[in-house]
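Listed here are the chains, written in short residue letters.
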Amino acid sequence: RRQKGYEYDGGLVRFELGEKEREEEKVKAEKETEKYGFFLGDILRVYEVAELRIYKSAVVEFVGTFSLNFLSLCLTVSPIVFESNPPSYIAFCNGVLLALHILCCAPPSGGHLNPLITLSTLGTGLTSLPRAFLYVAAQMTGASLAGIFFRIVTDDQLAAEVRHHC
């Protein structure tokens, strides 16, 4: 649809609108300014609630946060499972894991994967309030379910060892 650049939905990359899109955005902003006033129409971007892609992006944030947290937990307990000293490669592997998740999630959702990043982009105006609300809800749910799923797939002895090392 957009011909002069790419948009990362999380607001981390700006793009140049074509002439047709500029007119559509201008009309949309005028309607919102009339309806909600200058602050609400331009800053909060309430009209995004009606767009389907905001929900698709939230699903990407949920899946990305879930898999990042679950795989990080599995990686962190690997020295306990294999009865070795905690090696330094765990930190490196977690960094690579985070980088890969951000790289994969950036085009569809912005690759926030963390409520603090989402709130930071909200504070700088790169993310709208509806998008930030959905992202934080998806990220918190994904991280919580990752912890619950990890607890389900591990046995009681491993869980006790993890609690002992924490």
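Residues numbered from 1 in each chain as written. Predicted model: local features only at pLDDT ≥ 70, side-chain atom pairs only at ≥ 80, totals over all residues. Heavy atoms only, no water.

A separate point is the overall build of the protein. Looking only at helices and strands, the protein features 7 helices and 0 strands. Sequence-ordered secondary structure for the protein, helices as α and strands as β, is α-α-α-α-α-α-α. Taken over 166 residues, the protein has a buried fraction of 31%. The contacts of the protein with a sequence gap of at least 6 include a subset with a gap of at least 24, amounting to 63%. (Helix = DSSP H or I, 4+ residues; strand = E, 2+ residues; numbered from the N terminus. Buried < 20%, exposed > 50% of the residue type's maximum accessible area, 1.4 Å probe, protein only. Contact = heavy atoms within 4.5 Å.)

In this section: helix α2 (residues 52–76). Side chains of residues three or four places apart in an α-helix project in the same direction, reflecting 3.6 residues per turn. Relative to the 36 Å expected for 25 residues at 1.5 Å per residue, α2 spans 36 Å between its end C-alpha atoms, a close match to the ideal helical length. Taken together, the buried positions of α2 are I54, S57, A58, E61, G64, T65, L68, F70 and L75. (Expected span 1.5 Å × (residues − 1).)

Counted under the stated rule, the structure contains 5 aromatic pairs. A centroid spacing of 6.5 Å and a plane angle of 25° characterise the contact between F62 and F66, whose relative ring orientation is stacked. Of this pair, F62 and F66 both sit in helix α2, separated by 4 residues, roughly a single helical turn. Under the relative-accessibility criterion, F62 is labelled partly exposed at 27%. Both rings, one in F70 and one in F149, keep their centres 5.1 Å apart while their planes meet at 55°; by these two values the pair is tilted. With a gap of 79 residues between them, F70 in helix α2 and F149 in helix α6 (residues 129–153) connect regions that are remote in the sequence. Among the residues examined, F70 registers a relative accessible area of 16% and is labelled buried. Among the aromatic side chains, those forming a connected cluster through ring pairs are F62, F66, F70, F149 and F150. (Phe/Tyr/Trp six-rings, centres within 6.5 Å; stacked < 30°, edge-to-face > 60°.)

Enumeration according to the criterion identifies 2 salt bridges in this entry. The salt bridge involving E48 is made with R131; its shortest N-O contact spans 3.7 Å. Residue E48 is located in the loop between α1 (19–44) and α2, and its partner R131 is located in helix α6; the two are separated by 83 residues in the primary sequence. One exposure class covers both E48 and R131, and it is buried. (Salt bridge = Lys/Arg side-chain N within 4 Å of Asp/Glu carboxyl O.)

Moving on: a nonpolar patch on the surface. Together, L145, I148, F149, I152 and V153 line one region of the surface with nonpolar side chains, adding up to about 470 Å² of accessible area. Of the residues examined, L145 reaches a relative accessible area of 37% and is grouped as partly exposed. (Patch = residues over 30% accessible without salt bridge, like charges linked within 9 Å, V, L, I, M, F, W, Y side chains within 5 Å. Areas by Shrake-Rupley, 256 points an atom, 1.4 Å probe, with all protein chains shown as cover.)

The subject of this paragraph is α6. Its 25 residues place the ends of α6 36 Å apart at the C-alpha level, agreeing with the 36 Å of an ideal helix rising 1.5 Å per residue. Looking only at α6, the buried set comprises P130, R131, A132, Y135, A138, Q139, G142, A146 and F150.

So, about the confidence of the model for the protein. Considering every residue of the protein, the mean pLDDT works out to 80; 75% of them sit at 70 or more. Ranking the helices and strands of the protein by mean pLDDT puts α6 first, with 93, and α1 last, with 68. This model gives residues 1–6 a pLDDT under 50, and the stretch forms 15 contacts once residues within four places in sequence are excluded. (pLDDT = per-residue confidence, 0-100.)

For T76, the position within the fold is in helix α2. By relative accessible area, T76 is classed as partly exposed at 40%. In this view, T76 contacts I90 and N94; residues no more than four positions away in its chain are not counted.

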